[in-house]
Amino acid sequence: MNLSNADKALVLTQALPYMQKYFDKTVVIQYDPALQQGGVYEAVMSDIVLLGAVGIHAVLVHGGASLPETMGQDNKSLVASLQAQGGRAIGLCGIDGGMIAVEQNGEEGRVARIDPSILLDLIGSGYIPVVAAVGCGADGGACALNPDAAASAVASCLHAENLIMLSQARGVLKDKTDESSLISAIQVSAVPSLLRSGTVTDGMRSKVEYCVEAVRRGVKKTFIIDGRIPHSILIEMFSDEGIGTMLY
């Protein structure tokens, strides 16, 4: 879509109050590398770089294959893509500096503790931290984490303004077969009834539960949005309507 210069100016003017609201705040974004197949990969990367350009501190947390070495390849690919868009990014995982300590719980670990000092140093130096969902087990070895859990824990320890989880669905739906039944806002107190009723199931359940955990640990607002829509991050953050489900 080609916009006139006047239309571009109007868009920027309408976005300005939101840019001012989020200036110098931290936003954690959980990204699923499976979204690379949807053709919006570059749009996601450019959205994250733009956040930094207007003074918003973005932290990207991602999952990937269960093998930490394969997830490391995803990590470096994301770093390279952010830098190709003009950002300054550094890739790391929870093992680096003992940042994320993990308790083993079956195949996936559970976050026991996060030391935010490395992330704060990188943010303070103007970098975009790109964090692979891998933690350090009690034996010092690598342990894969649920990326939703990792993103929630990172957002909580950084006292982030927002946690944004990119999904392959519009958000939480009243009817899973009807994308027009999107629930745009949910108070965390209402989540247990949604879980009991079966409204929230499968992969969406994990995202909802860890969004609730983040809110209860001090994150202002959490969002589950459709990562398949180009520039969904900007639409959610810089418009009145938003695009997905907000949990608060």
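Everything below is about the structure shown above.
Residues numbered from 1 in each chain as written. Predicted model: local features only at pLDDT ≥ 70, side-chain atom pairs only at ≥ 80, totals over all residues. Heavy atoms only, no water.

A. Quick peek at the nonpolar core. Grouped together as the largest cluster of nonpolar side chains are 48 residues, with contacts concentrated most on V28 and V208. The next biggest cluster of nonpolar side chains, apart from the first, holds 33 residues, and it includes Y22, I56, I225 and M246. (Core = buried A, V, L, I, M, F, W, Y, C linked by side-chain atoms within 4.5 Å. Buried < 20%, exposed > 50% of the residue type's maximum accessible area, 1.4 Å probe, protein only.)

B. Representation of the pattern of salt bridges within the structure. Considering all chains together, one arrives at seven salt bridges under this definition. Between E161 and K220 there is a salt bridge, and its shortest N-O distance comes to 3.5 Å. Taken together, the positions of E161 in the loop between α5 (147-157) and β9 (162-167) and K220 in the loop between α7 (202-216) and β11 (221-226) put the pair 59 residues apart, joining distant regions of the chain. (Salt bridge = Lys/Arg side-chain N within 4 Å of Asp/Glu carboxyl O. Helix = DSSP H or I, 4+ residues; strand = E, 2+ residues; numbered from the N terminus.)

C. Representation of the side chain of N162 in the model. Relative to the elements of secondary structure, N162 occurs in strand β9. The exposure class of N162 is buried, given its relative accessible area of 2%. Of note is the side chain of N162, whose polar atom sits 2.9 Å from the side chain of Y22. Ignoring sequence-local partners within four residues, the contact set of N162 consists of Y22, T26, V27, V28, V219, K221 and F223. (Polar contact = N/O pair within 3.5 Å; in protein donor to acceptor, adjacent residues only side chain to side chain. Contact = heavy atoms within 4.5 Å.)

D. Focus on the sheet that holds strand β10 (residues 185-186). Pairing in this open sheet of eight strands is mixed, and the strands run β3-β6-β2-β1-β9-β11-β12-β10 from one edge to the other. At either margin of the open sheet sits one strand with a lone partner, and together these are β3 (89-93) and β10. As judged from the five bridges shared by β3 and strand β6 (residues 128-132), these two strands associate in the parallel manner. Along β6, the bridge assignment pairs G91 with V130. (Pairing = 2+ DSSP bridges.)

E. A look at unusual backbone geometry. A positive phi is found at H159, a non-glycine position, where the angle reads about 55°. Along the chain, the position of H159 falls in the loop between α5 and β9. With a relative accessible area of 64%, H159 lands in the exposed category. Here D202, not a glycine, exhibits a phi torsion of approximately 55°, which is positive. With respect to the helices and strands, D202 occurs in helix α7.

F. Local environment of the packing of aromatic side chains. As enumerated under the stated definition, the model contains one aromatic pair in all. Aromatic pair Y31 and Y41: ring centres 6.3 Å apart, planes at 50°, arrangement tilted. Placement of Y31 in strand β1 (residues 26-31) and of Y41 in helix α2 (residues 41-53) is noted, with a sequence separation of 10 residues between them. The exposure class of Y41 is buried, given its relative accessible area of 11%. Just above the ring of Y127 sits the side chain of R88; from NZ or CZ to the centre is 4.1 Å. (Phe/Tyr/Trp six-rings, centres within 6.5 Å; stacked < 30°, edge-to-face > 60°. Lys NZ or Arg CZ within 6 Å of the ring centre and 35° of its normal.)

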